[in-house]
Amino acid sequence: MRIYKDHLILSGSKVKEALFALNELSQDAILFVVDSNDKLIGALTDGDVRRGLLKGFTIDSLINEIIQDNPRYITKGENNLNKIIEYREGDFRIVPIVDENHRVVNVINFRNIKSYLPIDTVIMAGGRGQRLQPLTDTIPKPLLKVGDKAIIEHNLDRLALFGIDDFWISVKYLGEQIQNHFGDGKEKNVKIEYVWENEPLGTIGAVSQIKNFDHDYILVTNSDLLTNIDYEQFFLEFIKQDADLAVLTIPYQVSIPYAVLETNDGFVKSFKEKPTYTYYSNGGIYLIKKEMLKHIPADTFFNATDFMEQLIKDERKVISFPFSGYWLDVGKHEDFEKAQIDIKNIKM
């Protein structure tokens with residue numbers, strides 16, 4: 001995987017150095033010119049070099065004389081998905097990400113990712129996985145392989161595909177193995193930090209320990225799911241509804257093989273012949289406004305369902321995001337066996 005610093009070149013470099021770097025980048029040939037503190041100054045392409053040479057500059061000239069000095073960029077944390085979609089659907093395939101000091105902190109390539117969502121993600125991976133014993137006696141459930149990689153890695157890679165690059169992983173049981181597996185995330189071009197649960201804190205309690213989120217929107221997900229959810233659509237619906245919390249829901253249909261009667265005081269008011277009812281189950285993925293996290297008590301066992309109940313009680317806007325794509329909770333042996341078959345036939 002290409003690291004974003006491959007696209008950076010220091011101000012004051014010679015055109016010859018830029019040509020070598022552009023050649024290495026091949027079809028991704030664009031450089032972003034930065035100062036010694038990685039502050040964005042300009043951009044440089046093969047076309048800029050050609051035009052510069054035609055004007056009489058040489059390969060020993062300084063790149064500053066031929067760069068584009070007003071490049072497009074995205075500021076990390078800004079909630080402007082429309083601009084990102086505009087870049088993606090236009091000709092601006094490779095875009096630098098800058099922080100509040102205009103320093104380049106990442107470079108995204110829409111040839112490799114689908115979006116760049118302004119979201120921090122917490123992956124809950126501290127559970128014991130008792131229902132999958134003895135497989136989980138020496139390996140934490142999130143690291144059990146489905147196909148050629150761990151369950152949790154399928155989740156992280158899917159999230160990174162939508163440009164999410166700030167991760168926290170909540171760990172407890174055999175958590176050192178998960179930490180050793182991912183490290184700080186640099187190999188995947190993301191940042192990963194770890195939240196250690198000294199005592200079990202439920203399915204969302206550990207989030208209360210995180211104080212340094214970079215974005216105003218937080219996604220919390222179980223680590224033992226397999227899904228091909230479109231996270232951009234999930235986020236767009238969340239924003240459209242101005243929700244405080246959105247939960248992914250999985251529709252289940254129940255067919256009754258008999259007529260169902262509606263009665264009142266013994267009188268039949270109506271009936272339906274062999275009806276089918278649709279119910280929605282919690283899919284274990286949540287989008288949350290950061291300001292709502294204050295409702296999660298510190299250092300307390302607290303489940304995501306407790307959190308939703310609290311927000312509903314407080315008359316906050318909790319919405320359902322019904323999902324009809326692929327979703328599997330790998331909780332039992334039969335689920336794990338199904339996942340091994342499904343992974344060969346679905347695109348994650």
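In this report, the structure presented in the accompanying data block is examined. If you're wondering where the values come from, they're calculated on a predicted model, not measured in any experiment.

### Considerations on a nonpolar patch on the surface
On the surface, Leu-19, Leu-53 and Ile-59 cluster together into a nonpolar patch covering about 210 Å² of accessible area. In this fold, Ile-59 is placed in the loop between helix H2 (46-54) and strand S4 (74-75).

### So, the nonpolar core
Grouped together as the largest cluster of nonpolar side chains are 49 residues, with contacts concentrated most on Ile-152, Ile-169, Ile-178, Tyr-231 and Phe-234. In this structure, Ile-169 is in contact with Ile-123, Ala-125, Ile-152, Ile-178, Phe-182, Ile-192, Glu-193, Tyr-194 and Val-195, ignoring residues within four places of it in sequence. In this structure, Met-124, Leu-245, Val-247 and Ala-304 belong to the second largest nonpolar core, which totals 24 residues.

### Remarks on the environment of Gln-133
Assignment of secondary structure puts Gln-133 in the loop between strand S7 (120-125) and strand S8 (145-146). Note on Gln-133: relative accessible area 34%, which makes it partly exposed. Not counting residues within four places of it along the chain, the set of residues in contact with Gln-133 comprises Arg-128 and His-333.

### A few points about helix H3 (residues 81-89)
Buried within H3 are the following residues: Leu-81, Lys-83, Ile-84, Ile-85 and Tyr-87. Buried positions along H3 lie against S4, strand S5 (94-98) and helix H6 (231-240).

### With respect to the packing of helix H4 (residues 151-161) against helix H5 (residues 175-182)
Packed helices, taken two at a time, are described by the angle their axes make and the gap between the axes. The interhelical angle for the contact between H4 and H5, taken along N-to-C directions, is 45°, at an axis separation of 12 Å. Viewed along their axes, H4 and H5 adopt a mutual orientation that is oblique. Read as a crossing pair, H4 and H5 show a hand that is right-handed. Residue-level contacts link Ile-152, Glu-153 and Leu-156 of H4 to Ile-178, His-181 and Phe-182 of H5. Among the residues making up the contact of H4 with H5, the classes are represented as four nonpolar, one polar and one charged.

### Points about the side chain of Asp-335
Among the structural elements, Asp-335 can be located in helix H8 (residues 333-342). One buried charged residue, Asp-335, remains without a salt bridge, the closest side chain of opposite sign being Lys-332 at 4.6 Å. One polar contact links the side chain of Asp-335 to the main-chain amide nitrogen of Gly-331, over a distance of 3.4 Å. Aside from chain neighbours lying at most four places away, what touches Asp-335 is Leu-328, Asp-329 and Val-330.

### What to know about the sheet that holds strand S10 (residues 166-171)
Read from one edge of the open sheet, seven strands run S11-S10-S7-S12-S17-S14-S18, paired in mixed fashion. Single-partner strands in this sheet number two, and they are strand S11 (191-196) and strand S18 (318-322). On average, adjacent strands in this sheet sit at an angle of 30° to one another, irrespective of strand direction. Of the strand pairs in this sheet, strand S14 (residues 245-255) and strand S17 (residues 276-289) are connected by ten bridges, and their pairing is antiparallel.

### Section: the environment of Ala-125
Within the element layout of this structure, Ala-125 appears in strand S7. Since its relative accessible area comes to 2%, Ala-125 is described here as buried. Taking the C-alpha atoms as reference points, Ala-125 and Lys-272, 147 residues apart in sequence, are found 44 Å from one another. Aside from chain neighbours lying at most four places away, what touches Ala-125 is Pro-142, Ile-152, Ile-169, Ser-170, Val-171, Lys-172, Ile-178 and Ser-223.

### Topic: the packing of H3 against H6
At a closest axis distance of 12 Å, the pairing of H3 and H6 adopts a crossing angle of 145°. When you trace H3 past H6, the crossing you get is left-handed. Contact with H3, carried on its side by Leu-81, Ile-85 and Arg-88, involves Glu-232, Phe-235 and Leu-236 of H6 and no other residues of that element. Class assignment of the residues belonging to the contact of H3 with H6 gives a composition of four nonpolar, no polar and two charged.

### Observations regarding the packing of aromatic side chains
Between two aromatic rings, the relevant description is the distance of the centres plus the angle of the planes. Taken as a whole and judged by the stated rule, the model has six aromatic pairs. Considering the side-chain rings of Tyr-87 and Phe-92, the 5.8 Å spacing of their centres and the 70° angle between planes classify their relative orientation as edge-to-face. Note on Tyr-87: relative accessible area 8%, which makes it buried. For Phe-92, a relative accessible area of 33% translates into the label partly exposed. The structure contains a cluster of three or more aromatic residues connected by ring pairs, namely Tyr-217, Phe-235 and Phe-238.

Conventions we followed
Residues numbered from 1 in each chain as written. Predicted model: local features only at pLDDT ≥ 70, side-chain atom pairs only at ≥ 80, totals over all residues. Heavy atoms only, no water. Patch = residues over 30% accessible without salt bridge, like charges linked within 9 Å, V, L, I, M, F, W, Y side chains within 5 Å. Areas by Shrake-Rupley, 256 points an atom, 1.4 Å probe, with all protein chains shown as cover. Salt bridge = Lys/Arg side-chain N within 4 Å of Asp/Glu carboxyl O. Helix = DSSP H or I, 4+ residues; strand = E, 2+ residues; numbered from the N terminus. Core = buried A, V, L, I, M, F, W, Y, C linked by side-chain atoms within 4.5 Å. Buried < 20%, exposed > 50% of the residue type's maximum accessible area, 1.4 Å probe, protein only. Contact = heavy atoms within 4.5 Å. Axes fitted to C-alpha atoms, helices over the stretch in contact; angles between N-to-C directions. Parallel < 35°, antiparallel > 145°, perpendicular 65-115°, else oblique. Left-handed = near helix turned anticlockwise from the far one by under 90°. Nonpolar A, V, L, I, M, F, W, Y, C, P; charged D, E, K, R; others polar. Lys, Arg positive; Asp, Glu negative; His and termini not counted. Polar contact = N/O pair within 3.5 Å; in protein donor to acceptor, adjacent residues only side chain to side chain. Pairing = 2+ DSSP bridges. Phe/Tyr/Trp six-rings, centres within 6.5 Å; stacked < 30°, edge-to-face > 60°.

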